[in-house]
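Below are the chains, spelled out letter by letter.
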Amino acid sequence: MNMHTATETRHLADTVTLSDDERQPCEVWTRVMGYHRPVASFNTGKKGEHAERRFFAENRCGLAG
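What comes next concerns the included structure. (Residues numbered from 1 in each chain as written. Predicted model: local features only at pLDDT ≥ 70, side-chain atom pairs only at ≥ 80, totals over all residues. Heavy atoms only, no water.)

Overview of the pattern of salt bridges
Counted only if it meets this: Criterion for a salt bridge: a side-chain nitrogen of Lys or Arg within 4 Å of a carboxyl oxygen of Asp or Glu. Numbering of helices and strands runs from the N terminus, with a helix taken as a DSSP run of H or I at least four residues long and a strand as a DSSP run of E at least two residues long. Classification of residues uses two cut-offs on accessible area relative to the type maximum, computed with a 1.4 Å probe and protein chains only: under 20% is buried, over 50% is exposed, and between them is partly exposed.
As enumerated under the stated definition, the model contains two salt bridges in all. Across the pair Lys 46 and Glu 49 runs a salt bridge, and its minimum N-O distance is 3.4 Å. In this pair, Lys 46 and Glu 49 are both assigned in helix 2 (residues 44–51), three residues apart and thus about one turn of the helix distant. Residue classification places Lys 46 among the partly exposed positions, given a relative accessible area of 28%. Taking relative accessible area as the criterion, Glu 49 reaches 47% and is therefore assigned partly exposed.

Here's the deal with the pairing of strand 2 (residues 35–38)
In the case of a regular strand, side chains alternate between the two sheet surfaces. Threshold: Whether two strands pair depends on DSSP finding at least two bridges between them.
Pairing of strand 1 (residues 29–32) with strand 2 involves four bridges; the strand directions are antiparallel. Looking across to strand 2, one finds that Val 32 is bridged to Tyr 35. Between strand 1 and the antiparallel strand that follows it, strand 2, lie two residues; Met 33 among them carries a positive phi value of about 50 degrees.

A word on the side chain of Thr 30
Put simply, the test is: Residues adjacent in sequence count toward polar contacts only when both atoms are side-chain atoms; beyond that, a polar contact is any pair of N or O atoms within 3.5 Å, and within protein one must be able to donate a hydrogen and the other to accept it.
Tracing the sequence through the fold places Thr 30 in strand 1. On the basis of relative accessibility, which here comes to 9%, the residue Thr 30 falls in the buried class. In terms of polar contacts, Thr 30 uses its side chain to reach the side chain of Arg 53, at 2.8 Å.

Structure below.
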């Protein structure tokens, strides 16, 4: 198994460049009503709702003492 250090990996990433026609589109899935679906299969309204979503990080609550 070939292991690279972080510096070597960063250097390898800096040297690779792809044109837009060489890239593969990323398929985004999201959870809807208890199951997962690809966002590409959504209707126009649902795609708009998905684009407006906001993500948040919930803070850990402290214990009252």
